[in-house]
Amino acid sequence: MLSKFSKSVKNLYYAKVLNGSVPVFTQFGEDIYASDIVQNCIRCIATEMSKLQPKHIRTDNATGIQSVVSSSINRLLKFGPNEWMTTTDFLENITYLREINKNAFIYPAYREVPLSDGLVRREYTGFYPLNPREVEFLQDASGTIYIRMHFANFYEYTMPYADIIHWRKDFGANEFMGGDANGRANNDAILKQLKINDIVYQGLEKGIKAGLTIRGLLKINTMLADEKQEQDRIAFEQKMANSESGILAIDLKSDYQPLTLDPKIIDKETMEFLDKRIINNFDVSLPILNGTFTEEEYQAFYEKKLEPMVISLGRAFSKTLFTARELDVGNEVIFYSQGLLFTNMANKISAVDVLSSRGTLTDNQILAIFGYPPFEGGDIRHMSLNYINREIADSYQMGKLAKEKEVKYG
């Protein structure tokens, strides 16, 4: 996988940064993923992103018609981007890396195939998510930007930055990396919220334990040595444990005073407020997290959180995988999101009725919307004769009137 990476590229120096800082960025901060709420949020986002259907398409600049290209990119993205991952695994993994580190790096492995005109084309052999501990941005005398990655196994590799798919989140404060001005995930705010949340849960746990373990005081009415007091306490506990009837017999030396503890448990509204403040960092609502969302709530989640991710991921792939010429003739990678669109059965029927009557959907596409398998001969589009091309509407209408007059008057 890393055979094309160079461990040592000479005559490189740190890339020039406008603010004068050194472009060296580490990926490590305090681990917010240890929180179950954060885990659930990221799992929710990654699961939805794993439903995407990536395709290499080409758009005809003259007609605007899109066609799926028979390419190594489509072959890899359809089934398995690399030897260890399915497309679902791959999408979940890069989504996790982007949400945690604010940066996801993907290496597209390729081999060069010579063409008859002396040029070469790239045939891609795999897409590999990378998780470096530290990255440096360098440049050579010609101004070409390189990226040097340091990994947990103490290996480091340097490669042209143009050969890396770099999918960023919260890009703006730093010239190269997503995240804060230092190119890291600034988790100070969410860590503070997580610590408050943890303190609340610890207090809840201790309050419950106190309510269940302390049931009363045993007052001993004589002066006893410490050893004797301990013996009496143990004997008293044994009597409590052996009292099957609930009636406890004690002598005149001892008084038992029951304690009624009422530990104050935090109210539901406050708990929901604390949880909501944490999940708001990931643009996930409680109904989405709990799976109790309505169609409108899911649509809001898609438009606010998922759709920008889907668009930016396609652009990141297209920018790296295609040359300027290939982009000019309409090549791009699009992550289709029809698997994400949630709607109820009534709305599905209405949408299919509108689209199918205009010849937009094939019979097999209609079946797929309702979860049924395709059938042979089902890739045919049917349309209603009630709709015609508006460009010929007048001539069609005039021809119809002329024909009616001919029939009426002979």
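Scroll up to find the structure this text is about.
Below you will find a few notes about this structure.

Calculation rules
Residues numbered from 1 in each chain as written. Predicted model: local features only at pLDDT ≥ 70, side-chain atom pairs only at ≥ 80, totals over all residues. Heavy atoms only, no water. Helix = DSSP H or I, 4+ residues; strand = E, 2+ residues; numbered from the N terminus. Buried < 20%, exposed > 50% of the residue type's maximum accessible area, 1.4 Å probe, protein only. Contact = heavy atoms within 4.5 Å. Areas by Shrake-Rupley, 256 points an atom, 1.4 Å probe, with all protein chains shown as cover. Phe/Tyr/Trp six-rings, centres within 6.5 Å; stacked < 30°, edge-to-face > 60°. Salt bridge = Lys/Arg side-chain N within 4 Å of Asp/Glu carboxyl O. Pairing = 2+ DSSP bridges. Axes fitted to C-alpha atoms, helices over the stretch in contact; angles between N-to-C directions. Parallel < 35°, antiparallel > 145°, perpendicular 65-115°, else oblique. Left-handed = near helix turned anticlockwise from the far one by under 90°. Core = buried A, V, L, I, M, F, W, Y, C linked by side-chain atoms within 4.5 Å. Expected span 1.5 Å × (residues − 1).

**Topic: the overall build of the protein chain**
For step 1, the next point in the chain: Helix and strand counts for the protein chain come out as 12 helices and 15 strands.
For step 2, the next point in the chain: Considering the protein chain as a whole, with its 410 residues, one finds that 34% of them fall into the buried category.
For step 3, the next point in the chain: Counting contacts in the protein chain only where the partners sit at least 6 residues apart, residues at least 24 apart contribute 61% of the total.
For step 4, the next point in the chain: Accessible area for the protein chain stands at about 25900 Å²; split by element, carbon and sulfur atoms hold 54% of it.

**Side note on the packing of aromatic side chains**
The geometry of an aromatic ring pair is captured by the separation of the ring centres together with the interplanar angle, meaning the angle of the planes.
For step 1, the next point in the chain: Under the defined criterion, the tally for this structure stands at 12 aromatic pairs.
For step 2, the next point in the chain: Ring centres 6.2 Å apart and planes at 65° place the aromatic pair F151 and Y157 in the edge-to-face group. An identical accessibility class is assigned to F151 and Y157; each is buried.
For step 3, the next point in the chain: With centroids separated by 6.1 Å and ring planes inclined at 65°, the aromatic side chains of Y155 and Y157 adopt a geometry described as edge-to-face.
For step 4, the next point in the chain: According to the relative accessible area criterion, Y155 is partly exposed, its value standing at 43%.

**Describing the pattern of salt bridges**
For step 1, the next point in the chain: Going through the model one piece at a time under the given rule, you end up with nine salt bridges.
For step 2, the next point in the chain: A salt bridge links E99 to K169; the shortest N-O distance between them is 2.7 Å. Of this pair, E99 sits in helix α3 (residues 87-101) while K169 sits in the loop between β10 (165-168) and α4 (188-213), placing them 70 residues apart in sequence. Each member of the pair, E99 together with K169, is buried.
For step 3, the next point in the chain: Where K305 meets E99, a salt bridge forms, and the shortest distance between an N and an O atom there is 3.3 Å. Taken together, the residues span a long stretch of sequence, with K305 in helix α8 (residues 295-321) and E99 in helix α3 at a distance of 206 residues. For the pair K305 and E99, one class covers both residues: buried.
For step 4, the next point in the chain: The network of salt bridges with shared partners includes R98, E99, K169 and K305.

**Observations regarding the sheet that holds strand β3 (residues 53-59)**
Backbone hydrogen bonds hold the strands of a sheet together, and the pairing may be parallel or antiparallel.
For step 1, the next point in the chain: With respect to topology, three strands assemble into an open sheet ordered β4-β3-β13, the strand pairing being antiparallel. Every other strand in the sheet has two partners, leaving β4 (66-68) and β13 (331-336) as the edge strands with one partner each. The sheet shows a mean angle of 45° between the axes of neighbouring strands, taken without regard to direction.
For step 2, the next point in the chain: As judged from the six bridges shared by β3 and β13, these two strands associate in the antiparallel manner. From the neighbouring strand, Q53 faces β13, where its bridge partner is Y336.

**Some remarks on the packing of helix α1 (residues 36-49) against α3**
For step 1, the next point in the chain: Two elements in contact, α1 and α3, have axes separated by 8 Å at closest approach and are oriented at 140°. Of the possible angle classes, the one that applies to α1 and α3 is oblique. In terms of crossing hand, the pair formed by α1 and α3 is right-handed. Two secondary-structure elements touch here, α1 through I42, I45, A46, T47 and M49 and α3 through L91, E92, T95, Y96, E99 and I100.

**What about the environment of S50?**
For step 1, the next point in the chain: Counting through the fold element by element, S50 comes out in the loop between α1 and β3.
For step 2, the next point in the chain: For S50, a relative accessible area of 12% puts it in the buried group.
For step 3, the next point in the chain: Once the C-alpha coordinates of S50 and T87 are considered, the two residues, 37 residues apart in sequence, prove to be 7.5 Å apart.
For step 4, the next point in the chain: Residues in contact with S50, not counting those within four places in the same chain, are T88, L91 and E92.

**A word on the nonpolar core**
For step 1, the next point in the chain: Grouped together as the largest cluster of nonpolar side chains are 57 residues, with contacts concentrated most on M49, F127, I147, F317 and L321.
For step 2, the next point in the chain: Here the element with the most residues in this core is α8; it accounts for 10 residues.
For step 3, the next point in the chain: If near-sequence neighbours (up to four positions away) are discounted, I147 is found in contact with F105, V135, E136, F137, Y157, T158, M159, Y161 and I164.

**Comments concerning the pairing of strand β9 (residues 156-160)**
Residues in a regular strand project their side chains so that they alternate between the two faces of the sheet.
For step 1, the next point in the chain: Summarising the sheet, strand β8 (residues 145-150) and β9 pair through five bridges and their orientation is antiparallel. Its bridge partner being in β9, M149 is matched across the sheet by Y157.
For step 2, the next point in the chain: Counting the residues between successive antiparallel strands, the hairpin from β8 to β9 contains five residues, one of them, F154, with a positive phi of roughly 70°.

**Observations concerning α1**
For step 1, the next point in the chain: Counted at 1.5 Å a residue, the expected span for α1 with its 14 residues is 20 Å, and the 20 Å between its end C-alpha atoms agrees.
For step 2, the next point in the chain: Considered for burial, the residues of α1 that qualify are I37, V38, C41, I42, C44, I45, A46, E48 and M49.

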